[in-house]
Amino acid sequence: MAAPVFKNPVIRWIDHRLPIFSYLHHEAYEYPTPKNLNYWWNFGSLAGFMLIVMIVTGLILAMQYTPHVDYAFNSVERIMRDVNWGWLLRYLHMNGASMFFIVVYIHIFRGLYFGSYKAPRELLWQLGVLIYLLMMATAFLGYVLPWGQMSFWGATVITNLFSAIPVIGDDIVTLLWGGFSVDNPTLNRMFVLHFLLPFVILAVVVVHIMALHRFGSSNPLGIDTKGPQDTIPFHPYYTVKDMFGLGIFMMFYAFWVFWAPNALGDPVNYELANPLSTPEHIVPEWYYLPFYAILRSIPDKLIGVLAMGASIIVLFFLPWLDRSPVRAGTYRPVFKWFFWILVFDCVILMFCGKYAPEAYWMPFTFEIVDADTFTARVADLRGIAHDQALNAVGEMWGVNAASGDFGIKIVRLGQLGTIYYFAYFLIVLPLLSIFETPRQVPLSISKPVLGGGKSVAHATAKSMEKA
Amino acid sequence: MSKRRIVLGIVTAIAGLAAVGIVAANPVHHAEVHTQSWSFNGFFGSFDQEQLKRGHVIYKDVCAGCHAMSLLAYRDLQDIGYTEDEVKAFAAEVQVEDGPNDAGEMFERPGRPSDFFKAPFPNEQAARAGNNGALPPDLSLMAKARAGAGFLGHDGADYLFSLMTMYKDPPAGVTIPEGMYYNEAFKGHQIAMPPPLSDSEEASLDQQAQDISVFLTWAAEGNLEERHRTGIKAILFLVIFTLLAYATKRKVWANVH
Amino acid sequence: MADTTHGGSASGTRRDFINLLVNTTAVFGAAAVAWPMVSSLNPSQDVLALASTEVDISQIEVGQAITVKWRGKPVFIRHRTPEEIKTAEGVDINTLRDPQPDDQRVEKPEWLIVVGVCTHLGCVPQGQKPSEPRGQFGGWFCPCHGSEYDTSGRIRRGPAPTNLEVPLYTFESDTLVKIG
């Protein structure tokens, strides 16, 4: 593309010496983008928007926050009560984290469905997984800062995971803590790291976009663009579509911030951290729940930690696990089923992460019942003693489905969910690559040659497209 | 957009909301909590200042003897309708430690509006010593700390109301040690606090319980009314902005579709 | 630049109008968001609550002075002697670097209340205690660079450009003054 001529002489002067304006014009203005992107493609820019929101609100909050165990909790409350608009900044930041994860999860699942991770975008995908890992670290560190009960105990539990490492595990934990338990040295270093990582994320996002621009966006059909008839300039088409998507998203965000600001968090965190008193249920924030479920579904501590790590590491290898030449799930009828089951599976895992592993989920009444109550019910129904009922209840589920005392132990449900999760990536996808017969993929995004380049083709091609 | 896509989109949205709901909802019922309808709930929820004042009086006369509320300052009471002079008077009722003076000694002086509510005990040990080993917790955030988890969880005020009104005689076969009291709402049903409220000529137990629960909600979440007001403005703006953006999007994309 | 977006002139103007509306709304929205962020940097409610201090002056003898802290700065409250008042009122304004008559600097002549921060570079001048030097003009002497203030707190000699600042204050009663 020829370099644009800017009308403003100041801009021309700068651009001649530092071509930032030409660069931006090429990358964000005239940038050829597939014309058939659907709304699932809005979530990347929404994620970028949320990153900026989190950094800006975080910076302002950091100006008022004190990272010392004796002052942290009260400094947050001072922000909520005395700092002008402090409550708004805090709630924006707190709920912004949840919004960020919602947007990123949808963005990831878009990639999983449309095969965005396939060649030549493998590195782009891996950079994304790296961003996700950094986000998880950042969010964990940030949650510790208010120094509530869940901040403290969540930090204790997660840092204790490292003790699972053989031989050096305990020393590593002591190193992380800077002491013999989570205390002021821990809080201080977590504050610094929480401040630092978002800028690391920003840098990786820049590289992520560089990788994206190497080949351009994929598209819902999963086929390559063939020429200018398949693309439109990013501005004004996608800038305006992103604006619209942003408006919808902000209404969703605003709902949480202004009317349910604490619904996604844990009320227990409004109690000051007390090292001498453990809360009844230590639960991480909702965006960690699936991984918490995977961790708890394996009885062995070390293997549980490895499984939890593996559940994210496996994503790095996705481009080589799924070798189907067809990118988009639209044209992969069998894959589609497994994909949606995966989505459902992740929701189930989230569910399992939230509740006590020994509790029972009663599918017919939608209750969660703790182990004692469940055993008592079985004893009642069968007219046997509580001890006997303990044996009858067994490890998996209650019996006698007809009388409604059928329940699945949460930990078992989590184990089933974990099995499917790994099976999807390690067994299903590789097998599908070999055995699935995909539908015919369209030849091109626009109708070729005849009929101009104006409409998206829904007609199938005569020959199958090989990506 | 084809009908199929619209349907798919709606189904996805519902599934998404269901996912959020599953995670956010909490069908586990621990202790009994009776939900009330509160004036501060809903999109336009607000506080009744007269109720807040009644609740404040209950806190001051009944609760403050054992429970601190250290995150609130006397000046905050202006937000519930007291005048500046009334607030000064509340503050001046207590003696606050200040200093050191030029002789190096700490001294007592009457409270000022800028002071935070004076705690009944100087430290945790003194509080326990004065209450048979039990620690009366600080109430500044109790309404938020006792909310039911999740989107459909009960308000903290519901729990507090239940706690105030569900002192009962222990059921048959249950013995309560000396110094403890049976309460259906409290976890474990044994609470060290004697029933703080009772029916009186001026106000019934239920009324007092409501008033104190609302006051504690205000104490924990004083920004509530401003938050709702700002939210309305934000949503109105966003609706206009989104409609405009949509119109522009349709216009710009007209020749591509 | 690929340019397939211009329609006919009528739809073009309408699109430009909607464009303008969207952009204006976006800018307005951005400002509405930026405002709380900037505002949060302003003094918070707890800081503002300490913005005024009430001082009991009943114990200050004639000729004595006390220093109180107000908004993080020292404030000098001096109970002036009749001689000090006479000297302060008798000065020819035109000889002053920062001309100000004494009656514009006090509410009651016997009470001089000034911010104890030298207007040169911010040191705290000496002269509150009887043992400290007061300079030639009987007021205060700043040890950092030699500024000398008179019994009305006005700059008489030395590098300071203006008189000691008189804060806003009111006498709540004869014995209670509220500063700020």
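Predicted, not measured: the structure shown is a model, and the values here were computed from it.

Q: An account of the overall build of chain B is requested, with residue identities and associated values reported.
A: If you tally the helices and strands in chain B, you get eight helices and four strands. Order of helices (α) and strands (β) in chain B, N terminus to C terminus: α-α-α-β-β-α-α-α-β-β-α-α. Dimensions of chain B, computed from C-alpha atoms along their principal axes, come out at roughly 80 × 60 × 40 Å. Taking all 257 residues of chain B together, the buried fraction comes to 38%. Put simply, of all contacts in chain B between residues at least 6 apart along the chain, 62% involve residues at least 24 apart. Roughly 13800 Å² of accessible area belongs to chain B as shown, and the carbon and sulfur atoms make up 57% of that amount. A distance of 19 Å separates the average location of the 22 positive side-chain charges in chain B from that of its 31 negative side-chain charges.

Q: Can you break down the interface of chain A and chain B residue by residue, with the values?
A: Accessible area lost on assembly of the parts is the figure often given for the size of an interface. Each side of the interface is counted separately: chain A has 52 residues, and chain B has 52 residues. Together, the buried faces of chain A and chain B total about 4600 Å²; carbon and sulfur atoms form 71% of this surface. Where chain A packs against chain B, one counts three salt bridges. The salt bridge involving Arg-75 of chain B is made with Asp-82 of chain A; its shortest N-O contact spans 3.0 Å. With 17 residues, the top contributor of residues to the side of chain A that touches chain B is helix α10 (residues 234–259) of chain A. Broken down by class, the residue content of the side of chain A that touches chain B amounts to 37 nonpolar, six polar and nine charged.

Q: So what's going on with the pairing of strand β4 (residues 111–115) of chain C? Residues and values would help.
A: All names here are of chain C. In terms of residue burial, β4 counts as a mostly covered element, since five of its five residues are buried. Burial along β4 is two-sided: Trp-111, Ile-113 and Val-115 facing one way and Leu-112 and Val-114 facing the other are all buried. Bridge count for strand β3 (residues 73–79) against β4 is five bridges, and the pairing is antiparallel. Bridge pairing in β4 places Ile-77 opposite Ile-113.

Q: Which residues make up the state of the cysteines, and what are the values?
A: Two cysteines whose sulfur atoms are joined by a covalent bond form what is called a disulfide. Inspection of the entire model under this criterion finds one disulfide over all chains. With a sulfur-sulfur separation of 2.1 Å, Cys-123 of chain C is cross-linked through a disulfide to Cys-144 of chain C. Given an S-S torsion of about -100°, the disulfide between Cys-123 of chain C and Cys-144 of chain C has left-handed geometry. In this pair, Cys-123 of chain C sits in the loop between β4 and β5 (138–141) while Cys-144 of chain C sits in the loop between β5 and β6 (148–150), placing the two residues 21 residues apart along the sequence. Judged by relative accessible area, Cys-144 of chain C falls into the partly exposed class, the value being 36%. Unpaired in terms of disulfides, Cys-352 of chain A finds its nearest cysteine sulfur in Cys-346 of chain A, a separation of 12 Å. Cys-118 of chain C carries a free sulfur, and the closest cysteine sulfur to it, the one in Cys-142 of chain C, is 3.9 Å from it.

Q: Explain the sheet that holds strand β9 (residues 176–179) of chain C to me, and be specific about the residues and the numbers.
A: All names here are of chain C. Across the sheet, three strands lie side by side as β1-β9-β8; this open sheet has antiparallel pairing. Of all strands in the sheet, those with a lone pairing partner are β1 (53–56) and β8 (169–171), marking the two edges. The mean inter-strand angle of the sheet, taken between neighbouring strand axes irrespective of direction, is 20°. Two strands pair when backbone bridges link them, and β8 and β9 are joined in this way by three bridges, in the antiparallel orientation. Across the sheet, residue Tyr-169 finds its bridge partner in β9, namely Ile-179.

Q: Pulling in residues and values, what's your account of the interface of chain B and chain C?
A: Each partner contributes to the interface: chain B provides 12 residues, whereas chain C provides 17 residues. Contact between chain B and chain C buries roughly 1200 Å² in total, counting both sides, with carbon and sulfur atoms accounting for 70%. The largest per-residue losses of area from chain B upon contact with chain C belong to Phe-237, Leu-244 and Lys-251 of chain B, which jointly make up 40% of the total buried on that side. Taken together, the links from chain B to chain C amount to one salt bridge. Here Glu-54 of chain C ties to Lys-88 of chain B by a salt bridge, and the two come within 3.9 Å at their closest N and O atoms. Where chain B packs against chain C, one counts zero residue pairs in polar contact (both at pLDDT 80 or more). Here the side of chain B that touches chain C is built from residues that sort into six nonpolar, three polar and three charged.

Q: How would you summarise the side chain of Asn-38 of chain A if you had to cite specific residues and measurements?
A: Residue and element names in this part refer to chain A. Residue position: Asn-38 is located in the loop between β1 (32–34) and α3 (43–62). For Asn-38, a relative accessible area of 17% gives the class buried. Not counting the four nearest positions on each side in its chain, Asn-38 is found in contact with Phe-114, Pro-220 and Lys-241.

Q: Could you give an account of the pattern of salt bridges, with specific residues and numbers?
A: Inspection of every chain in the model, using the stated rule, returns 27 salt bridges over all chains. Glu-148 of chain C serves as the salt-bridge partner of Arg-157 of chain C, at 3.7 Å between the closest nitrogen and oxygen. In this structure, Asp-150 of chain C engages Arg-156 of chain C in a salt bridge whose closest nitrogen and oxygen atoms are separated by 3.0 Å. When salt bridges with common partners are traced through the structure, they connect Lys-118, Asp-322, Arg-332 and Glu-436 of chain A into a single cluster.

Q: Before we move on, could you go through helix α3 (residues 84–92) of chain B and cite the residues and values that matter?
A: Residues and elements named next belong to chain B. Those residues of α3 lying buried are Val-87, Phe-90 and Ala-91. In an axial view of α3, the angular spread of the buried residues amounts to 100°, which keeps them on one side of the axis. On the buried face of α3, the contacting elements are α2 (49–63).

Q: Just give me the short version of helix α5 (residues 86–114) of chain A, but keep the residues and values in it.
A: Residues and elements named next belong to chain A. For α5, which comprises 29 residues, the first-to-last C-alpha distance of 41 Å matches the rise-based estimate of 42 Å (1.5 Å per residue) to within 8%. Along α5, the sharpest change in direction is near 30° and occurs at Gly-96. Counting buried positions along α5 gives 25 out of 29 residues, so the element sits mostly inside the fold. Note on α5: the residue one or two positions beyond its end, Gly-115, has a positive phi of about 65°.

Q: I'd love a proper account of the sheet that holds β5 of chain C, names of residues and values included.
A: Residues and elements named next belong to chain C. Strand order in the open sheet formed by three strands is β5-β6-β7, with antiparallel pairing between adjacent strands. The strands lining the two open edges of the sheet, one partner per strand, are β5 and β7 (155–157). Between one strand axis and the next, the sheet turns by 40° as a mean value, whatever way the strands run. Here β6 pairs with β7 via two bridges, running antiparallel. Considered in β7, the bridge of Tyr-149 is made with Ile-155.

Q: Explain the packing of aromatic side chains to me, using residue names and the numbers behind them.
A: Centre-to-centre distance and the angle between the planes together describe a pair of aromatic rings. Within the structure shown, the criterion is met by 55 aromatic pairs over all chains. Geometrically, the ring pair formed by Phe-252 of chain A and Trp-256 of chain A is edge-to-face, given 6.1 Å between the ring centres and 85° between the ring planes. With Phe-252 of chain A and Trp-256 of chain A both in helix α10, this residue pair falls four residues apart, about one helical turn. Phe-252 of chain A sits in the partly exposed class, given a relative accessible area of 29%. In textbook terms, an aromatic cluster arises when at least three aromatic residues are bridged by ring pairs, as seen for Trp-41, Phe-109, Tyr-113, Phe-114, Phe-335, Phe-339 and Trp-340 of chain A. Over the aromatic face of Trp-253 of chain B sits the side chain of Lys-241 of chain A, whose NZ or CZ is 5.3 Å from the ring centroid.

Q: Lay out a nonpolar patch on the surface with the relevant residues and their values.
A: All names here are of chain A. Together, Val-10, Trp-13, Ile-14, Leu-18, Ile-20, Tyr-23, Leu-24, Val-206, Val-207 and Met-210 make up a nonpolar patch on the protein surface, roughly 960 Å² of accessible area in all. For the nonpolar patch, the secondary structure elements donating two or more residues are α1 (9–17), α2 (20–29) and α9 (184–215). Here Val-207 is to be found in helix α9.

Q: Account for the packing of α10 of chain A against helix α8 (residues 224–253) of chain B, naming residues and giving values.
A: Contact geometry of α10 of chain A with α8 of chain B gives a least axis separation of 8 Å together with a crossing angle of 160°. By the angle class used here, α10 of chain A and α8 of chain B are roughly antiparallel. In the crossing of α10 of chain A with α8 of chain B, the sense of the turn from one axis to the other is left-handed. The class makeup of the residues in the contact of α10 of chain A with α8 of chain B is 23 nonpolar, six polar and three charged.

So, how was this worked out
Residues numbered from 1 in each chain as written. Chains lettered and ligands numbered in written order. Predicted model: local features only at pLDDT ≥ 70, side-chain atom pairs only at ≥ 80, totals over all residues. Heavy atoms only, no water. Helix = DSSP H or I, 4+ residues; strand = E, 2+ residues; numbered from the N terminus. Buried < 20%, exposed > 50% of the residue type's maximum accessible area, 1.4 Å probe, protein only. Contact = heavy atoms within 4.5 Å. Areas by Shrake-Rupley, 256 points an atom, 1.4 Å probe, with all protein chains shown as cover. Lys, Arg positive; Asp, Glu negative; His and termini not counted. Charge placed at Lys NZ, Arg CZ, Asp CG, Glu CD. Buried area = accessible area lost by both parts, 1.4 Å probe. Salt bridge = Lys/Arg side-chain N within 4 Å of Asp/Glu carboxyl O. Nonpolar A, V, L, I, M, F, W, Y, C, P; charged D, E, K, R; others polar. Pairing = 2+ DSSP bridges. Disulfide = S-S within 2.5 Å. Axes fitted to C-alpha atoms, helices over the stretch in contact; angles between N-to-C directions. Polar contact = N/O pair within 3.5 Å; in protein donor to acceptor, adjacent residues only side chain to side chain. Arc of directions from axis to C-beta. Expected span 1.5 Å × (residues − 1). Bend = angle between axes of the 7 residues up to and from the residue. Phe/Tyr/Trp six-rings, centres within 6.5 Å; stacked < 30°, edge-to-face > 60°. Lys NZ or Arg CZ within 6 Å of the ring centre and 35° of its normal. Patch = residues over 30% accessible without salt bridge, like charges linked within 9 Å, V, L, I, M, F, W, Y side chains within 5 Å. Parallel < 35°, antiparallel > 145°, perpendicular 65-115°, else oblique. Left-handed = near helix turned anticlockwise from the far one by under 90°.

Nothing here speaks to function; it is geometry throughout.
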